[in-house]
Amino acid sequence: MPRTRSPRRWRGALAAALAVGLTATACSGAGGGSSGDGTAITVLMVGNPQMEDLARITADKFTADTGITVRFTILPENELRDRVTQDVATQGGQYDVATIGAYEAPIWAQNDWLHELSSYADADSAYDKGDLLGPAVASLSGADGKLYAAPFYGESSFLMYNKELFDAAGLTMPERPTWQQVAQFAAELDDKDAGVAGICLRGLPGWGELFAPLTTVVNTFGGTWFEQDWTPKVNAPEFTEATKFYVDLLRAHGQPGAPQSGFTECLNTFGQGKAAMWYDATSAAGTLEDPNSSTVAGKVGYAYAPVSKTDSSGWLWVWALAMPKTTKNADAAWKFISWATGKEYEKLVGSSLGWSRVPAGKRQSTYEIPEYRESAAAFADITLKSIQEADPVNPGVQPRPALGVQFVGIPEFADLGTKVSQEVSAAIAGQSTVEEALADGQRLAEEAASKHR
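Predicted, not measured: the structure shown is a model, and the values here were computed from it.

> What is the right way to look at the side chain of Asp290 in this model?
One can find Asp290 in the loop between helix H12 (284–288) and strand E8 (300–304). Assessed through its relative accessible area of 5%, Asp290 is described here as buried. Those residues in contact with Asp290 that sit more than four places away from it in its chain are Ala297, Ser356 and Arg357.

> Honestly, the domain arrangement of the protein in this entry has me stumped. Any pointers?
Interface extent is often summarised as the accessible area lost during association of the parts. Considered domain by domain, the protein is made up of domain 1 (40–155 + 317–387) and domain 2 (157–315 + 392–450). Between the C-alpha centres of domain 1 and domain 2 there is a distance of 26 Å. If you look at the interface, domain 1 gives 21 residues, while domain 2 gives 32 residues. Between domain 1 and domain 2 the total buried area reaches about 2100 Å² when both faces are included, carbon and sulfur atoms providing 59% of it. By the criterion of area lost to domain 2, the three top residues of domain 1 are Tyr103, Glu155 and Ile382, representing 29% of everything that side buries. Remark: the boundary between domain 1 and domain 2 carries one salt bridge.

> Can you walk me through the pairing of strand E4 (residues 97–101) in this structure?
Every regular strand shows the same layout, with side chains that alternate between the two sheet faces. Across the five residues of E4, five count as buried, placing the element largely inside the fold. Taking every second residue as pointing to the same face, both faces of E4 are buried, with Val97, Thr99 and Gly101 on one and Ala98 and Ile100 on the other.

> Sorry if this is basic, but what is going on with the pattern of salt bridges here?
Pairing between side chains becomes possible if they bear opposite charge and their charged atoms approach one another. All chains considered together, the criterion is met by 22 salt bridges. Measuring nitrogen to oxygen at the nearest pair gives 2.5 Å for the salt bridge that ties Asp112 to Lys325. Of this pair, Asp112 sits in the loop between helix H4 (104–110) and helix H5 (118–123) while Lys325 is found in the loop between strand E9 (317–322) and helix H13 (330–340), placing the two residues 213 residues apart along the sequence. Owing to a relative accessible area of 36%, Lys325 belongs among the partly exposed residues under this scheme. For Glu346, the salt bridge goes to Lys362, with nearest N and O atoms at 2.5 Å. Of the two residues, Glu346 is situated in helix H14 (residues 343–353) and Lys362 in the loop between H14 and helix H15 (370–375); the sequence distance between them amounts to 16 residues. A single burial state applies to Glu346 and to Lys362, both of which are buried.

> I tried to follow helix H9 (residues 211–220) on my own but got confused; where do I start?
Spacing of three or four residues puts side chains on the same side of an α-helix, whose turn is 3.6 residues. Burial of H9 is extensive: ten of the ten residues sit out of reach of the surface. Where H9 is buried, its residues contact helix H8 (179–189), helix H10 (237–253), strand E7 (277–281) and helix H17 (413–428).

> Even after reading the chapter, I still don't get the packing of aromatic side chains, so can you show me in this structure?
Here the distance between the centres and the angle between the planes together describe a pair of aromatic rings. Applying the stated criterion to the full structure yields 32 aromatic pairs. Measuring from ring centre to ring centre gives 5.2 Å for Phe62 and Trp339, while their planes differ by 35°; the resulting arrangement is tilted. One end of the pair, Phe62, is in helix H2 (residues 49–66); the other, Trp339, is in helix H13, with 277 residues separating them in the sequence. Its relative accessible area of 2% is what places Phe62 among the buried residues. For Trp339, a relative accessible area of 18% corresponds to the buried category. Plain terms: the ring middles of Phe152 and Tyr345 are 5.8 Å apart, the flat faces sit at 55° to each other, and that makes the pair tilted. One end of the pair, Phe152, is in strand E5 (residues 150–155); the other, Tyr345, is in helix H14, and 193 residues separate them in sequence. Between the NZ or CZ atom of Arg176 and the centre of the ring of Tyr304, over which it lies, the distance is 3.8 Å. Between the NZ or CZ atom of Arg363 and the centre of the ring of Tyr127, over which it lies, the distance is 4.8 Å.

> What should I look at first to understand the confidence of the model for the protein in this one?
Low pLDDT means the predicted coordinates in that region are not meant to be read closely. Here the protein shows a mean pLDDT of 92. Residues at 70 or above account for 92%. pLDDT under 50 marks residues 1–32. Its contacts with residues more than four places away, or in other chains, come to 70 contacts.

Reading guide: rules and limits
Residues numbered from 1 in each chain as written. Predicted model: local features only at pLDDT ≥ 70, side-chain atom pairs only at ≥ 80, totals over all residues. Heavy atoms only, no water. Helix = DSSP H or I, 4+ residues; strand = E, 2+ residues; numbered from the N terminus. Buried < 20%, exposed > 50% of the residue type's maximum accessible area, 1.4 Å probe, protein only. Contact = heavy atoms within 4.5 Å. Domains from an automatic or database assignment. Buried area = accessible area lost by both parts, 1.4 Å probe. Salt bridge = Lys/Arg side-chain N within 4 Å of Asp/Glu carboxyl O. Phe/Tyr/Trp six-rings, centres within 6.5 Å; stacked < 30°, edge-to-face > 60°. Lys NZ or Arg CZ within 6 Å of the ring centre and 35° of its normal. pLDDT = per-residue confidence, 0-100.

Here it is in structure tokens:
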């Protein structure tokens, strides 16, 4: 297994490595922006279930206590990335709080686009920054060791499977399956007549959509985007083999409409019993175990991320709340951030919405709450272990020039990964070949590498 690294060493390595929309309101009076006097703030968030829960309870739980109006804009992941990058990078000042992730935080901190949050957290005794999980803190810290975004939930990736379908077919899922075993299971359980796919995988273009799971497959098949000296390896045999495996698996046994399927679409597909397996974020488990939103609640099994040549392959990601430097409501923004990412928020969600819906993966104390452990018994331990095993320094079989498991921690990767994902998605749709997609990707990777040699 990859060796565990301390948050301090991760931060040091990070410093060296890194130089539609649904609008909801948390109170009456929709529309408008932040107040400038701290009485109203604007928040941009990704449209994942945990974030939607946050928007749902803010008026009754946060605004009622503080008097601060919160106006949310909630967008799908790809649209969120475009909107937040445009606003923060151009210093548009439209949002007081924005959802970013482990990829953006250290880069944007270096660009001086974000308020550091360590001083706020250290001065807030109730916040208990020391309770935050080390991987979450490390991934959201800048070169100066300060926190630049507060983790809302953390995740790795694992394989989810429908236990009823496996039992009916007399199949047993290993605790740590290989991708070859997964492909065999998908072939045996694929039942197009019954409308059940053998597996659901992301095919939607986007560096954080399709290439989140696919890069972990590349890693464990022995491939990499770049070697340590920045030699691009996008069309290398290992990268090609992994991508062909992924594309062929989706085309043969994946869900209908795979080229348009991202996290949300696969969550719906698997949650409605229309796929036998799904490889994706550990954070999906809470929604799948909620009988109000899932028909497979209580029927899901969880296995570690499938592997080939490595001991583990799960990704590491944190969705977090950051404060752009342009905000005129910093104190009010911190009040909201500290509430939404604080120790008591998990208890609030558990008691009011259900314990399986707690945004976990960021605080050690979460895993000590009896009600949460009981509700999340099927997936809590494997989620925490998967996060702890994820190694952004050495996620594959060769040394890397930059941090990241499912991404490369350089500014150019957002454009590179998205453009190559569009080509691979076209291959999934049968409109091109993997070889053509990766040949174009190699050329783009050469351009990106030239800026770092």
